[in-house]
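# Structural features, examined
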Amino acid sequence: MEDLQLPHIDYAALAPMLILFGAACAGILVEAVVPRGRRYPIQLGLGLAALVAAGVAVIVQASTRIITAGGAIAVDGPTLFLQGSIIALGVVALLFVGERSLETGGPFVAQAAVVVGSEPDRLQAARRPGATEVYPLMLFAIGGMQLFVAANDLLTMFVALEVFSLPLYLMCALARRRRLLSQEAALKYFLLGSYSSAFFLFGIALIYGYAGRVDFAGIHDAAFNADRHDALLYGGFALLSIGLLFKAAAAPFHVWTPDVYQGAPTPVTGFMAACTKVAAFGALLRVLYVGFDRASWDYRPVLGVVAILTMLVGAVLAVTQTDLKRLLAYSSIANAGYLLVGVLAMSKDGLSSSMFYLVAYGFAVLAAFGILTLVRDADGEANHLARWAGLGRRSPLFAAAFTFILLAFAGIPLTSGFTSKFAVFAAALDGGQTWLVVAGVVTSMVLAFPYLRVVVMMWLSEPAESTPTVSIPGALTSTGLTIGVAATLLLGLVPAPLLDLSSKAAEFVR
């Protein structure tokens, strides 16, 4: 019998993922052996240390271009850029998750299994420190996202999808206040996410039936063979796209987004809005640019219609929103459409501009949700638009920061929003997608209205008795807000370094 040849594995190239998964497992051990009152500083420190170590590993591997683990994982320019982006955004998100000075025990419930509204539930909401299980869950999610953007075959991508999705379902249900709304959001996300995963898996089956392989190089080669039946290819691609566009919050697969963003704990919402979008579009870029690039003529019109529908749904429905978390949810949907415009350029510029957009939007949306955690009343966060009337007069500093972030979302010059939109629209024009750019410009003008309405409410309205106060942020929230606002400003004023970095990284290995 011949000796079995194990696939070569470059562990150094996999170091960012291994560090995060190892730290997540260590966090589970902490939950098992450390008394509840001592877990918080250990878990927070472990999470930050793991993310920093993973970031260092990404920097060390900056020049690595390799396909390893038996062809299952590709470490190339886009992989490393997106992994670094997820880690950087994950650090900021973890700072918001770890903040406990805004309310007793932090934003997370102490014991999720307690019946909502019972006496033990009221006692834990008032006194007991929040659960620390959220930290290893978050590390598992970030580790899964790292694997998701590096996956070089569809089965590995599916495993990574489940690895980062399952912790997110749990994290959405852990809100200390409005627990029924939080649990409803988690259940909706879980059920719809399960359906999208099933579509993705069925798509893998069809692609395997077409190509006889599930790795992207094999799919790429099979698409060049005219003897094969294209129905399996297009059917499989359509089902794969449903799974990926669901995670990206693109219409018509966006219906979960407003409810989940509203019900989840606000730090978790920010984490999903930033990091999950990077992971979803990172995987979509690899699928389109590596596996299905030879079929681009066939799918670009269909995905173009999806992009326009996404921009329209996000922009038009954002106008009708009175809850700020739902407003930011529809803003996230519209931004998924703008990202699709850059993706469909199907060029190196399209790839690099999309990656730049993901970073710029990620920092801005984290800062926006970070500010939402500060505006509070006796019942917790005050997210209704009417409650923000006159907030600029009561807290001009934070109102000015939120105004700046909203202007960035609107694409005003000297902000990262303008630079990123300009980059993806320019790439799309060069790629012949003028119709998408026209739709993007029109919907951007529509989307500016709800942003400016919030600005007017804060600065030009008189404070009412119901206007909430702005809590003094702790050190963690202050650091996260400073990073988010500074990144939004710097990427608008001096975007060249990150644009150059994304351009140099915009080349996949096969």
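Above this note sits the structure.
Residues numbered from 1 in each chain as written. Predicted model: local features only at pLDDT ≥ 70, side-chain atom pairs only at ≥ 80, totals over all residues. Heavy atoms only, no water.

## Quick notes on the overall build of the protein
Spelled out, the test is: Segments assigned H or I by DSSP are reported as helices when at least four residues long, segments assigned E as strands when at least two residues long, and all are numbered from the N terminus. As a reference, a globule follows 2.2 Å times the number of residues to the power 0.38, and the radius of gyration itself is taken over C-alpha atoms. Using a 1.4 Å probe on the protein chains alone, a residue whose accessible area is under 20% of its type maximum counts as buried, one over 50% counts as exposed, and one in between counts as partly exposed. The contact criterion used is simple: two residues touch if any of their non-hydrogen atoms lie within 4.5 Å. For the area figures, the Shrake-Rupley method with a 1.4 Å probe applies, and any residue is considered shielded solely by the protein chains shown. Counted charges follow a simple rule, with Lys and Arg positive, Asp and Glu negative, and His plus the chain ends left uncounted. A charged residue contributes its charge at one atom only: NZ of Lys, CZ of Arg, CG of Asp or CD of Glu.
From N to C terminus, the protein includes 20 helices and five strands. Here the protein has a C-alpha radius of gyration of 22 Å; the compact-globule value for 510 residues is 24 Å, and the two agree. By principal-axis analysis of the C-alpha atoms, the protein measures approximately 70 × 55 × 40 Å. The burial tally for the protein puts 61% of its 510 residues in the buried class. Of the contacts formed within the protein by residues at least 6 apart in sequence, a portion of 81% connects residues at least 24 apart. Surface summary for the protein: the accessible area is close to 19000 Å², and the carbon and sulfur share equals 69%. In the protein, which carries 31 positive and 30 negative side-chain charges, the distance between the mean positions of the two groups comes to 9 Å.

## A few points about helix α2 (residues 36–60)
Applicable threshold: A helix's residues, less one, multiplied by 1.5 Å, set its expected span.
In this model α2 runs 36 Å from its N-terminal to its C-terminal C-alpha over 25 residues, within 8% of the 36 Å that 1.5 Å per residue would give. Among all positions in α2, only R39, Y40, Q43, L44, G47, A50, L51, A54, G55, A57 and V58 are buried.

## A short note on the state of the cysteines
The bond known as a disulfide is covalent and runs between the sulfur atoms of two cysteines. Just so we agree on the cut-off: Here, a disulfide means two cysteine sulfur atoms that sit within 2.5 Å of each other.
One pass over the structure, following the stated rule, counts zero disulfides. Of the cysteine sulfurs around C25, a residue in no disulfide, the closest is that of C275, at 20 Å. Not engaged in a disulfide, the cysteine C275 finds its nearest cysteine sulfur in C172; these two sulfurs lie 13 Å apart.

## Here's the deal with the nonpolar core
Which entries qualify depends on this criterion: For our purposes a nonpolar core is just a set of buried Ala, Val, Leu, Ile, Met, Phe, Trp, Tyr and Cys residues, chained together by side-chain atoms within 4.5 Å.
F271 and F409 are the most contacted members of the largest nonpolar core, which has 172 residues in total. Beyond its immediate sequence surroundings of up to four residues, F409 is in contact with L328, S331, Y361, A364, V365, A368, K421 and Y451.

## Some points on the pattern of salt bridges
Pairing is possible between side chains of opposite charge, provided their charged atoms come close. This is how the line gets drawn: We count a salt bridge whenever a side-chain nitrogen from Lys or Arg sits within 4 Å of a carboxyl oxygen from Asp or Glu.
Tallying each qualifying case throughout the model produces seven salt bridges. For K188, the salt bridge identified is with E184, shortest N-O distance 2.9 Å. Highlighted residues: K188 and E184, both in helix α7 (residues 179–211), separated by four residues, approximately one helical turn. Judged by its relative accessible area of 29%, K188 is partly exposed. A salt bridge links K188 to D259; the shortest N-O distance between them is 2.8 Å. Here the residue K188 occupies a position in helix α7, and D259 occupies one in helix α10 (residues 256–263), the gap between them amounting to 71 residues. Each of E184, K188, D259 and R326 takes part in one network of salt bridges that share partners.

## Considerations on unusual backbone geometry
For the bond running from A251 to P252, omega is 0°, close enough to zero to count as cis. Checked against the element boundaries, P252 lands in the loop between α9 (230–248) and α10. In this structure, A69 is a non-glycine residue whose phi angle is positive, near 55°. Unlike most non-glycine residues, M346 shows phi in positive territory, near 50°. Note on placement: M346 falls in the loop between α13 (324–343) and α14 (348–372).

## Points about the environment of F425
For F425, the location among the structural elements is in helix α17 (residues 416–430). Residue F425 is classed as buried on the basis of its relative accessible area, which comes to 10%. The spacing of F425 and A264 is 161 residues in sequence and 32 Å in space, taken between C-alpha atoms. In this structure F425 touches Y338, V341, V437, G440, V441 and S444, once residues within four positions along its chain are discounted.

## Focus on the sheet that holds strand β3 (residues 375–377)
Inclusion rule: One requirement defines pairing of two strands: DSSP has to find at least two bridges between them.
Read from one edge to the other, the open sheet built from three strands follows the order β4-β3-β5, with strand pairing classed as antiparallel. Two strands in the sheet have a free side with no partner beyond their single neighbour: β4 (380–381) and β5 (469–470).

## Quick notes on helix α16 (residues 396–410)
For α16, built from 15 residues, the straight-helix expectation of 21 Å at 1.5 Å per residue is met to within 8% by its first-to-last C-alpha distance of 20 Å. By the burial criterion, the buried members of α16 are A399, A401, F402, T403, F404, I405, L406, A408, F409 and A410. Of the surrounding secondary structure, the elements contacted by the buried residues of α16 are α13, α14, α15 (391–394), α17, α18 (434–460) and α19 (475–493).

## A word on the packing of aromatic side chains
For the record, the criterion: Two aromatic rings, drawn from Phe, Tyr or Trp (for Trp, its six-membered ring), form a pair once their centres lie within 6.5 Å of each other, and the interplanar angle then sorts them: stacked below 30 degrees, edge-to-face above 60, tilted otherwise. Think of it as a cone above the ring: NZ of Lys or CZ of Arg counts as a charge over the ring if it is within 6 Å of the ring centre and within 35 degrees of the ring normal.
A full pass over the atoms with the stated rule returns 19 aromatic pairs. Ring geometry for F21 versus F140: centroids 6.4 Å apart, planes at 40°, classification tilted. Pair noted here: F21 is in helix α1 (residues 15–33) and F140 is in helix α5 (residues 134–150), with a separation of 119 residues, a long-range link. The positively charged end of R100 is found above the aromatic ring belonging to Y40, 4.2 Å away from the centroid.

So yeah, pure geometry; function would need other evidence.
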